[in-house]
Amino acid sequence: MSHPGPLLIDPASIAFQSVLDRLAPTDATVLIVGETGTGKEVVARYLHHHSPRQAQPFVAVNCGALTESLAESELFGHEKGAFTGAAERHQGWFEAAEGGTLLLDEIGELSLPLQVKLLRVLQEREVTRVGSRRPVKVNVRVIAATHVDLAHAIRERRFREDLFYRLNVAAVTLPPLRQRREDIPLLADHFLTLYARRLGRPQLRLSAESLATLMEYAWPGNVRELENTLHNAVLLSKEPLIQPHQLRLNTEVLEQQPIGEQALDTFLRQQLQSDSGPLYQRVLDALVRNAFELSGENQLQAAALLGISRNTLRTHLGHLGLIKARRSLASGERRDITQQNIQDRVLRIGYQKFGNLGILKARQSLEGAFAHRGISVLWSEFPAGPQLLHALDNREIDFGTTGEVPPVFAQAGNSPLLYVAWEPAAPQSVALLVAQDSPIQTIADLRGRRIAVNKGSNVHYLLVQMLDEAGMTLNDVRVLYAPPKYPLTPSDHHAVDAWMMWDPLLSDAEQGNQLRVIADGRGRVNNHQFYLAHRDFAAHSADLLHQLLAALVQTGSYIDANRSEAAALLSAELGLSPQALSHALLRRSHQTRRMDLSAIRAQQAIADRFFALGLLPKAVNVRDAVWRD
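Below, the structure is looked at part by part. (Residues numbered from 1 in each chain as written. Predicted model: local features only at pLDDT ≥ 70, side-chain atom pairs only at ≥ 80, totals over all residues. Heavy atoms only, no water.)

On to the overall build of the protein. Helix and strand counts for the protein stand at 28 helices and 20 strands. By residue count, 51% of the 629 residues in the protein fall in the buried class. Contacts in the protein between residues at least 24 apart in sequence constitute 76% of all its contacts with a sequence separation of at least 6. Taken as a whole, the protein presents about 28600 Å² of accessible surface, with 51% of it coming from carbon and sulfur. (Helix = DSSP H or I, 4+ residues; strand = E, 2+ residues; numbered from the N terminus. Buried < 20%, exposed > 50% of the residue type's maximum accessible area, 1.4 Å probe, protein only. Contact = heavy atoms within 4.5 Å. Areas by Shrake-Rupley, 256 points an atom, 1.4 Å probe, with all protein chains shown as cover.)

Note: strand β15 (residues 450-453) against strand β16 (residues 478-481), four bridges, orientation parallel. Each bridged residue has a counterpart across the sheet, and for R450 the counterpart in β16 is R478. (Pairing = 2+ DSSP bridges.)

What follows is about the pairing of strand β19 (residues 529-534). Burial analysis of β19 places six of its six residues in the buried class, which makes it a mostly covered element. Neither face of β19 is exposed, since Q529, Y531 and A533 on one face and F530, L532 and H534 on the opposite face are all buried. Bridging between strand β12 (residues 399-403) and β19 involves five bridges; their strand directions are antiparallel. If you follow T402 over to β19, its bridge partner there is F530.

Attention now moves to the side chain of N356. Within the secondary structure layout, N356 lies in helix α17 (residues 355-363). Side chain to side chain, N356 and E423 meet in a polar contact 3.0 Å long. Engagement of the side chain of N356 in a polar contact is seen with the backbone oxygen of H590, the distance being 3.0 Å. Those residues in contact with N356 that lie beyond four places of it in its chain are E423, Y531, L552, T555, G556, I559, H590 and T592. (Polar contact = N/O pair within 3.5 Å; in protein donor to acceptor, adjacent residues only side chain to side chain.)

At a closest axis distance of 10 Å, the pairing of helix α8 (residues 184-198) and helix α9 (residues 208-216) adopts a crossing angle of 120°. Looking at the two axes, α8 sits oblique to α9. The element α8 and its partner α9 pack so that their crossing is right-handed. On α9, the residues touching I184, P185 and A188 of α8 are L211, L214 and M215. Considering only residue class, the contact of α8 with α9 consists of six nonpolar, no polar and no charged. (Axes fitted to C-alpha atoms, helices over the stretch in contact; angles between N-to-C directions. Parallel < 35°, antiparallel > 145°, perpendicular 65-115°, else oblique. Left-handed = near helix turned anticlockwise from the far one by under 90°. Nonpolar A, V, L, I, M, F, W, Y, C, P; charged D, E, K, R; others polar.)

Structurally, F382 is set in the loop between β11 (376-381) and α19 (385-393). A residue is classified by how much of its surface remains accessible, and F382, at 13% relative accessible area, is buried. It is 5.4 Å that separates the C-alpha atoms of F382 and Q352, two residues lying 30 residues apart in sequence. When near neighbours in sequence (up to four residues on either side) are disregarded, F382 contacts G350, Y351, Q352, Q387, L388, A391 and I397.

Moving on, we come to the sheet that holds strand β2 (residues 58-62). Spatial strand order, β2-β3-β6-β1-β7: five strands in an open sheet with parallel pairing. Looking at which strands have only one partner, the edges of the open sheet turn out to be β2 and β7 (170-173). Here the strands of the sheet are splayed against their neighbours by 20° on average, with no regard to which way each runs. When strand β1 (residues 30-33) meets strand β6 (residues 141-146), the two strands line up parallel, connected through four bridges. The residue of β6 that forms the bridge with I32 is A145.

The values reported here are purely geometric and, on their own, carry no functional implication.
Following this line, the structure appears as structure tokens:
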């Protein structure tokens, strides 16, 4: 849903876009309301990219995914020592979005105590990190999004009325796809062309019957469901013309006419007057049970039918006894979730837009290999390794790849990860850069300087090594934790003196004239690449892991034999020049191999160093986290 879509022609869409065009140039707080899958984040990005803040960060936070214990720290940041495990100062999402736009998705999921603190931030335009009493001014445009009825939540005392009015400065309601059917042919053609091109089958077309089927369908999952439907059809189709049966739509939903609001009101009044016991729970249970059955016990589809998140659905299913309740997770009984994933036949892969997994996703060869087994491949993009490891820990993905440092931090936090495979070192792929006219010439000149680092990343370790080389520690510099970016804006140069970067952004920066390299990883770090899996997934899906590794080995051979083609493929995905990407691909080996003693020892050396520096809360034994299949 992050790629640009086509121009829309339905009157409802045209009217909606005209509203966005009026709101985009302003700094007004916007509340986006829409059903699941309607593209609320796409709308938020549209507002950002058509605003004066377009050159500054756009940060999206899913409030529903924030755990109660860490939500305040994630949003507002924390100071070193604020709580157990807070080894360093942490910049929150508000500070990370400085000068730009912050999307608070699923705002209705925030707890009441956090709503109070968020209200204060919106009023005062400043945040106070956990463990600090000093407020920090922030310049951020806030956009909130929700699929729930906040007015109803206010009546149930689940959402603060004063916060609602603070967010509701400008409200836009995203019409569901069933209310803008004239857009369906255009959207369908867009998604079909996109995935057919990626799979190397540009001749694919929809039959007239298939298009008529799409037009008649109710689309409970909205644009996201349409996209997934076309993606799946491209994978399954063997002929150039896609027929209705290859769309795999829920025909029971297709044939069922939506019940009118008046008829629904009449039915509910009759039930309330029948004195047959409390109605609310009976209706709720019936809705969840029927959605679960209609979707073939597919949780993602059932959640889309109901217009709720999968997490909320799982809670209801647990209460009904249809799946194991969430409390079983605390007892280590995670097998039920893994078995459910197998029933859903979904392989969830986390990736960063580079390297073997990035190429594998762009070529769509894995989808073709798994299609005959009824397995769908879902890709989740992450800006860096720490965020990917967080998703792996929370079972949002099954498999992914990071550099050598994020897994060490994750293990110290008891993440149930396993090292599956690795790729050889590429120390020249990470470096420290400064502006061309900067007075900084050597590592020693960094003392007291502001350095942008992505926390827990490979460049974090490189910075430690470089400072040690110059007789300094992290206390001798001012570390600003922020995700990597390039090109840089004037405000970036004002806020930071040096930047830690890695490929492919590093290669892109080296080919420009903004920055120059002070030192890279050679002689300081290895910068291995590791493939990781969740323990439960590895235990129950060893066959998928073996096929994944085989695909990665083939992809590595493809990159080495067709570097220009691979760079061109990535260029279309990343918006970076083929020359920079070709250079980045050239200085890393892409030969995936199973874990061996040399890789384990290299990881253990990093873990021991970080523990000795006090950056890890406990010692880590890397051998305990190696896949032994």
